[in-house]
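Observations on the model geometry
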Amino acid sequence: MVGRDGSRDSGEGWWRRSGPWAIALYVLLAVAYLAMMPAARRDRHSPYNHYALQAAAWLDGRLDLGGPPPGYTHRNDFASYQGRTYVSFPPVPAVVLLPFVAAAGRPEAVRDAQLFAWLAPLGPVLLFLALERLRDDDRRRLGRPPRDNAALALLVGLGTVYWFSAVQGSVWFAAHVVTMAATAGYLLASLGGRAPALAGLCLGLAIGSRPSLAFALPFFVVEVLGSRDERPARLRKILRFGVPLLAIGALLAWHNQARFGDPLEFGHRYLEIRWRDRIEATGLFDLAYLPRNLRVVFGGLPFRGADGWVINAHGLALWLTSPFFLWALWPAKRSRLWCLSVTTALLVALPGLSYQNTGWIQFGQRFSNDYAPFVILAIAVGTRPLGRLFWAAAGWALLINGFGAWSFDRRGCERFYFVDPTQQILGAPPS
C-alpha cells in the first residue's frame, strides 16, 4: 500500500506488521515496571502525590492547595507565594490524573504510582513505532528490521534511567513518564512531517510536563523543510503544527500568570527548600551551574563504603548506566536526520545541564530521560550494525538499571546510597 506521502506499507498494512511487536513490548515493559515497584507504592498512593493534589485543587475550583500540603508529603518541593501553597510542577501529569481523582473523590484514594507505571510503557512503544515508520521512507533508506527497532525501544525502557524513574510514581519521576510518551509521540508524528497537528499536540504536552522539551521544536520544522512537499504545503504543515502547540502554550501561560503573576513562572523560584538562597542569587538556570552538572553527568561513580559499594545521590554517570548511548556518536552514515537527532538531543540536554541542581536525589542522570528518544533515533538512523560490543554494552545497561529500579528509594536498600543534605559532596564523602 502506498500512502499520500509516497511511503510504502502505510495504514492497516503498517499496523499488521508492527502492531504485534508493539503489543508485546507494552506487555513486557508493564510486567517489568510493576514487578520492580515496591508494594507500598503499587497498592496505595505515593508519598509525593503532588499531581493528584493539584487535580483535587482544580476540582475544588482552586489553583492553590487551599492550605498546607498533607503531612505525608513532608512539605517536599511545594511553592509558597503570597501566603498560599502551590504545586510548582508543570501541570500536564495532573491533567492525566484528573479523571481518576474525580472518580475516587480524594487524592489519597488514587494509586498514582501504579497508574503512571501502566502509562510508562507507552513512551518506548511509541518510539518503536516511530523507528518502524523509518522503514517506509524509500528516500532516506534509514530503517532497521523490526527486531533491531524493538531492541532499541526495549533499551530505552529498561537500559536507561527511565526504568528506575518509571517505578517511582512520585512527582519528579511521573513527569518523566508523561514526557517520554509525549516526546515519542512527537517523533512519530514529526518524521517526514507526517501528522503536523498531532506533532504540535504531543510537543505541547511534553513541554507542559518538562519545559526543556521546548528545545525540541526545531525537529519538526527541519523535518518539514527537508520533505518533498512543495513550499505552500510545507507552510500549511507548519501552521497546523503551531495551532495546538500555541493553544497549549497559552493555557500554560494563563495558569502561571493566574498563580504567580508571570506567564513563564511555574513556581520553582518559590520552592520551600534550603537552597532557595542559591536560586534567588543565581537563578534557576545559569551557565555557572554547568561545570558542577557536567562533573556529575560524566564523573558520577560508585565508591567503597563501610558496607560495600555506595552511590552518591547525585547519581551515576550517564556512560555508566547507558554505555550504548555512545553509538549515537559513532554512525556509519551521517545523514541529515542523524545530524538533526544529535543536535536536538544536545539542545534538550542544555536546560538540565544549566539547572540549579543535578536532578538529586536519583540513581542515575534522570534528566537524560528528556533527550533519550533523540539519542535512540540517532543510533537507529546511524545505520551501524549492532554488533557484539553494542550488545555487551546493552546487557550491562539492563543489569545496572535493573539494580537501580530495584534498589532506589526502597526500604532496606538505604545502604546503597549516600545522601548529603547540603548537596555539596558530589562523590565519596571525606574520610
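Details of the structure are given in the entry above.
Conventions used here
Residues numbered from 1 in each chain as written. Predicted model: local features only at pLDDT ≥ 70, side-chain atom pairs only at ≥ 80, totals over all residues. Heavy atoms only, no water. Buried < 20%, exposed > 50% of the residue type's maximum accessible area, 1.4 Å probe, protein only. Helix = DSSP H or I, 4+ residues; strand = E, 2+ residues; numbered from the N terminus. Pairing = 2+ DSSP bridges. Salt bridge = Lys/Arg side-chain N within 4 Å of Asp/Glu carboxyl O. Axes fitted to C-alpha atoms, helices over the stretch in contact; angles between N-to-C directions. Left-handed = near helix turned anticlockwise from the far one by under 90°. Contact = heavy atoms within 4.5 Å. Nonpolar A, V, L, I, M, F, W, Y, C, P; charged D, E, K, R; others polar. Patch = residues over 30% accessible without salt bridge, like charges linked within 9 Å, V, L, I, M, F, W, Y side chains within 5 Å. Areas by Shrake-Rupley, 256 points an atom, 1.4 Å probe, with all protein chains shown as cover. Phe/Tyr/Trp six-rings, centres within 6.5 Å; stacked < 30°, edge-to-face > 60°. Lys NZ or Arg CZ within 6 Å of the ring centre and 35° of its normal. Core = buried A, V, L, I, M, F, W, Y, C linked by side-chain atoms within 4.5 Å. Expected span 1.5 Å × (residues − 1). Bend = angle between axes of the 7 residues up to and from the residue.

1. Quick look at the pairing of strand E4 (residues 308–312)
Most of E4 is tucked away, with four of its five residues classed as buried. Where strand E3 (residues 303–305) lies against E4, three bridges are found, and the strand directions are antiparallel. Along E4, the bridge assignment pairs Arg-304 with Trp-309. Where E3 hands over to E4, the hairpin turn is made up of two residues, counted between the paired strands.

2. Topic: the pattern of salt bridges
Considering all chains together, one arrives at 12 salt bridges under this definition. Between Arg-75 and Glu-272 there is a salt bridge, and its shortest N-O distance comes to 3.0 Å. Taken together, the residues span a long stretch of sequence, with Arg-75 in the loop between helix H3 (50–59) and strand E1 (79–81) and Glu-272 in the loop between helix H12 (231–260) and helix H13 (276–282) at a distance of 197 residues. Arg-75 gets classed as partly exposed once you look at its relative accessible area, which sits at 36%. Among the ionic pairs, Asp-148 bridges to Arg-144, the shortest N-O distance being 3.8 Å. The same class applies to Asp-148 as to Arg-144, namely buried.

3. Description of the packing of helix H7 (residues 146–158) against helix H18 (residues 388–407)
Interhelical geometry of H7 versus H18 gives an angle of 30° and a closest axis separation of 9 Å. H18 is crossed by H7, and the crossing has left-handed handedness. Here Ala-151, Leu-152, Leu-155 and Leu-158 of H7 come into contact with H18, specifically with Phe-390, Trp-391, Ala-394, Ala-397, Leu-398 and Asn-401. In terms of residue class, the contact of H7 with H18 is built from nine nonpolar, one polar and no charged.

4. So, a nonpolar patch on the surface
Where nonpolar side chains cluster on the molecular surface, the patch consists of Trp-15, Ile-23, Val-27 and Val-31 and spans about 390 Å² of accessible area. Here Trp-15 lies in helix H1 (residues 11–36). For Trp-15, a relative accessible area of 40% corresponds to the partly exposed category.

5. Description of the packing of aromatic side chains
How two aromatic rings sit relative to each other is set out by the distance from centre to centre and by the angle between their planes. According to the stated counting rule, one finds 28 aromatic pairs in the structure shown. With 6.2 Å between their ring centres and 75° between their planes, Trp-172 and Phe-173 make a pair best called edge-to-face. A relative accessible area of 4% places Phe-173 in the buried class. Clustering of aromatic rings is evident, with ring pairs tying together Tyr-48, Phe-164, Trp-172, Phe-173, Phe-363, Phe-403, Trp-406, Phe-408, Phe-416 and Tyr-417. Cation over ring: Arg-304 sits above Trp-309, and NZ or CZ is 5.4 Å from the ring centre. Directly above the ring of Phe-173 sits Arg-366, whose terminal nitrogen or CZ lies 5.8 Å from the centroid.

6. Examining the nonpolar core
Core analysis: the biggest nonpolar cluster contains 117 residues, and Phe-324 and Ile-379 have the highest contact counts within it. With 14 residues, helix H9 (residues 171–190) is the largest single contributor of residues to this core. The contact partners of Ile-379, leaving out residues within four places of it in the chain, are Arg-144, Leu-152, Phe-324, Phe-325, Trp-327, Ala-328, Leu-386 and Phe-390. Of all hydrophobic cores here, the second largest spans nine residues; its members include Ile-279, Ala-313, Tyr-355 and Trp-360.

7. What to know about helix H4 (residues 92–104)
Between its first and last C-alpha atoms H4 spans 19 Å; for 13 residues at 1.5 Å apiece the expected length is 18 Å, and the two agree. Along H4, the largest kink reaches about 40° and is centred on Leu-98; proline Pro-99 follows within four residues of it. Taken residue by residue, H4 has Val-92, Pro-93, Ala-94, Leu-97 and Val-101 as its buried positions. In this fold, the buried residues of H4 make contact with H3, helix H5 (112–119), H9 and helix H10 (196–207). At the exit of H4 stands Gly-105, carrying a positive phi of roughly 95°.

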